[in-house]
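Spelled out from the first residue to the last, the chains are:
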Amino acid sequence: MIKIQGLTKAYPVKGGGTFTAIEGIDLTVHDGDIFGIIGMSGAGKSTLVRCINLLEQPTQGSIQIDGIEVTAARGKDLLALRRKIGMVFQKFNLLMQRTILDNVALPLEIAGVDRAARETRAKELLELVGLGDQGSKYPAQLSGGQQQRVSIARALANHPSLILCDEPTSALDSLTTNSILKLLRDINRQLGVTIIIITHEISVVEKICNRVAVIDSSVIVEQGDVADIMAHPQEEITKKLLGEVSWDA
Amino acid sequence: MLEALSAFFAQYGDLLWQETIDTLIMVTVTTVFAYVLGLPLGVLLNITRPDGIWPHKGFNSVVGWITNLGRSLPFLILMILLLDFTKLLVGTKIGVLGAIPPLIISATPFVARMVETSLAEVDSGVQEAAQSMGATVPQIVFKVLLPEAMPSLMLGGSISMVTILAYTAIAGVIGAGGLGDLAIRYGYNRKVASMMWASVIILVIMVQIIQSVFSLLSRKIDKRIRL
Ligand SMILES: Nc1ncnc2c1ncn2[C@@H]1O[C@H](COP(=O)(O)OP(=O)(O)OP(=O)(O)O)[C@@H](O)[C@H]1O
Ligand SMILES: [Mg+2]
C-alpha cells in the first residue's frame, strides 16, 4: 500500500521565490490497484508521480510504501528503493545504441545481476510483451507502440511491486493506445503489480483504472472508485474531463 | 613534368616522408593524451551542470573557467609561454618532443568542450530513465551517457584531430618538426615553393582522411539509423 500525506513540492524559481507544483496531496493506493491520476496539462501530475521514486525530492509531506517512509531515503537506500519501482515514460526513453534485449536487461545490469541471468529474464519479458523475436533489433527499428512495449518490459525487469506510468499512451495512436493499455491491465492481473498511471484522457481511466484521483492546479480535488466518480462527478474539472469523452463519442 | 616530379622526389622525398611521419606522431600522441585528460574533464563538465546528473555548481564554474582560459590563448602564444616548462618536462624546447607538451595542454580544453557538447546531446529522458532504475552516477556515465553519445564523440574526435593537426603546423614556427616546420624552413626561408606546396597537399590529404574515416565510423556504429 502506498500512503501519501500532505505532499508538497515547490520548485525554486529563477530570480528567487518558489513555484508550488503540488500542494497537500493525500492519496492512498492499494496493492493491485490500477490507479489513475488525471488532470490538465501543468496540473502537477508528473511532479506527483516523480516524487514517489524521489526523482523529485518533496518539499513537505510523507510517502509510505508498505508502512515504510521513503522520503528520507538517501544513498544506497534510495537506489534500492528505485530498483523496486518500475517507470514508464511518454517518450519511451529507450537507449538508442542498445539492442532491445539489452535495453530490457539494463535495470538488471544496474542492479548487478550476472549476464546469463539477465538475458534469461530479458528474453522472458520480451515474450511477455509480445516481442520475443525482436530482441536483437534496435529501438529505431521499432514502431512507437513496440518501443513502449519494450519500455514496459524494462520496467518489469527487477520484479517491481509498483510501476509508475507517466502518460504512457500520449505519443501513440488510439489503436496502439488500446493495445498498450490492455498490456498494462494483463500485467496487473497476471503479476499483481500495482500500477499508477498518469493521463489527461478520461478514456484511459475508464478503460483500465479501478481508482482515480483528479488533480487540478496543484491539488487533488476528488478521488475514489472510477465507477463512482464517472457516475457522480462532484467537481467542475471532473465534469469537464468527462465531457470531453461524450463530445468525442 | 614527370621528370621534374621525379627530380623533386629524388631530392626531397625522404625529407617529406620523415616530416610526414613526425606530423603523424605529434598528432597521434597529442590526440591520445588530450583524450585521456579531456574525456574525463568533459564528462565532469557535463554531469556537474545545474541540470546534470551530478550538479556541482562551484566545481562546474571553476573547471569551466579554467577550460575557457586554456581555449582563449592562441596556440602560438601558449607554446611560447610554456617554453621553459616544456624544457623542464621533456628536456628540450624543440623538435617533435618539444612540441608535444604545449600541444597536449592546448588540445585538452578543446577536447573537453567537444566531449561536453557531445554528451549534452544525449536525451535527458534517457538519463532520467536510468536514474529511475536506481543507477549510480558512474553507472549512468558508463552505461548511458558515453555509449549513447558515441557517434557524436567520433565526429568530435575528427574535429579535435584536425584542430591538433593545424596546431602542429603552427608549432613549426618554433622548429617543432613536421610538415609545418618544413613549409616554413623550405617554403618560406629558402623560397623552395614546391616544398611549400608539397607540405600543404599532404596536410590537406591528411585532413580528408581523418574526416572520412571518422564520419564513416560514426555512421557505422550509430544505431539510430534504420537498417
Ligand atoms: N523542474 C521544475 N522547475 C520549475 N518548475 C517546474 C519544474 N517541473 C515542473 N514545473 C512546473 O510545475 C508545474 C507542474 O508540472 P508537471 O510537469 O508536474 O505537470 P503535468 O501535470 O505533468 O503536466 P503535463 O500534462 O504537461 O505533463 C508546471 O507549471 C511546470 O511548469
Ligand atoms: Mg507531465
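The shown structure was predicted, so the numbers you read here are calculated from the model rather than taken from an experiment.

## Some words on the overall build of chain B
Part 1: Within chain B, the regular secondary structure consists of nine helices and zero strands.
Part 2: Traced from its N-terminal end to its C-terminal end, chain B shows the element sequence α-α-α-α-α-α-α-α-α.
Part 3: Overall, chain B is about 70 × 50 × 25 Å in size when its C-alpha atoms are taken along their principal axes.
Part 4: By residue count, 48% of the 227 residues in chain B fall in the buried class.
Part 5: Restricting to contacts in chain B with at least 6 residues of sequence separation, those with at least 24 account for 74%.

## Remarks on the layout of surface pockets
Part 1: By volume, the largest pocket is sized at about 1100 Å³.
Part 2: Lining the largest pocket are 38 residues, and of these R50 and L55 of chain A together with G52, E128 and Q131 of chain B sit closest to its centre.
Part 3: Among the elements that line the lining of the largest pocket, the one with the most residues is helix α6 (residues 124-132) of chain B, at five residues.
Part 4: Grouping the constituent residues of the lining of the largest pocket by class yields 17 nonpolar, 10 polar and 11 charged.
Part 5: By volume, the second largest pocket amounts to about 220 Å³.
Part 6: Along the wall of the second largest pocket there are 16 residues; nearest its centre are M96 of chain A together with E121, D123, E148 and R224 of chain B.
Part 7: When residues of the lining of the second largest pocket are assigned to their parent elements, the largest contribution, three residues, is made by helix α7 (residues 137-171) of chain B.
Part 8: When the residues that make up the lining of the second largest pocket are grouped by side-chain class, the tally is six nonpolar, five polar and five charged.

## Here's the deal with empty space enclosed by the protein
Part 1: Overall, the coordinates contain one cavity of 30 Å³ or more when judged by the stated rule.
Part 2: Here the largest cavity defines a volume of roughly 110 Å³.
Part 3: Taken together, 15 residues form the lining of the largest cavity, with G86, P107, R154 and A155 of chain A together with M133 of chain B sitting closest to its centre.
Part 4: The set of elements that each furnish at least two residues to the lining of the largest cavity consists of α2 (75-83), β6 (85-88) and α5 (144-156) of chain A together with α6 of chain B.

## Things to note about the side chain of T199 of chain A
Residue and element names in this part refer to chain A.
Part 1: You can see T199 is positioned in strand β8 (residues 194-199).
Part 2: In this structure T199 comes out as buried when scored by relative accessible area, which is 2%.
Part 3: Setting aside chain neighbours within four positions, we find T199 in contact with I37, I38, G39, K45, E167, V204 and V205.

About the thresholds
Residues numbered from 1 in each chain as written. Chains lettered and ligands numbered in written order. Predicted model: local features only at pLDDT ≥ 70, side-chain atom pairs only at ≥ 80, totals over all residues. Heavy atoms only, no water. Helix = DSSP H or I, 4+ residues; strand = E, 2+ residues; numbered from the N terminus. Buried < 20%, exposed > 50% of the residue type's maximum accessible area, 1.4 Å probe, protein only. Contact = heavy atoms within 4.5 Å. 1 Å grid on protein atoms, 1.4 Å probe; cavity = no way out; pocket = protein on both sides within 12 Å on 5 of 7 lines; lining within 4 Å. Points joined across faces, edges and corners; volume = space filled by probe spheres on them. Nonpolar A, V, L, I, M, F, W, Y, C, P; charged D, E, K, R; others polar.

Fair warning: the whole summary comes from geometry, so function is off the table for now.
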